[in-house]
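Each chain, letter by letter, is given below.
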Amino acid sequence: MNENSWYDFEKLSDDAKKNFLIRMKPIAERTGRTDLILYNKYAEQFGLIKIKPFF
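Residues numbered from 1 in each chain as written. Predicted model: local features only at pLDDT ≥ 70, side-chain atom pairs only at ≥ 80, totals over all residues. Heavy atoms only, no water.

Asker: Can you break down the overall build of the protein chain residue by residue, with the values?
Answerer: Regarding its fold elements, the protein chain presents two helices and zero strands. In the protein chain, which comprises 55 residues, the proportion classed as buried is 36%. Excluding contacts between residues fewer than 6 apart, the proportion of contacts in the protein chain whose partners are at least 24 apart in sequence is 28%. Working note: accessible area of the protein chain is about 4,000 Å², and carbon and sulfur atoms make up 51% of it. (Helix = DSSP H or I, 4+ residues; strand = E, 2+ residues; numbered from the N terminus. Buried < 20%, exposed > 50% of the residue type's maximum accessible area, 1.4 Å probe, protein only. Contact = heavy atoms within 4.5 Å. Areas by Shrake-Rupley, 256 points an atom, 1.4 Å probe, with all protein chains shown as cover.)

This is how it looks when you write it as structure tokens:
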């Protein structure tokens, strides 16, 4: 699995999902729409703050 890919996200353990989301937050903020939507979709499930869209 590519460490910055959403492709296998559902197959990860809960701890791995949370770590992935923490790692992806700055990427989602920088790259925009798709990463941002996916990050926000899962962030609250793991106690993380959603990112406010800028577009």
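Asker: An account of the pattern of salt bridges is requested, with residue identities and associated values reported.
Answerer: Throughout the structure, instances matching the rule amount to two salt bridges. Across the salt bridge formed by Asp-8 and Lys-11, the nearest N and O atoms sit 3.7 Å from each other. The salt bridge partner of Glu-10 is Lys-17, with a shortest N-O separation of 3.9 Å. Glu-10 gets classed as exposed once you look at its relative accessible area, which sits at 52%. (Salt bridge = Lys/Arg side-chain N within 4 Å of Asp/Glu carboxyl O.)

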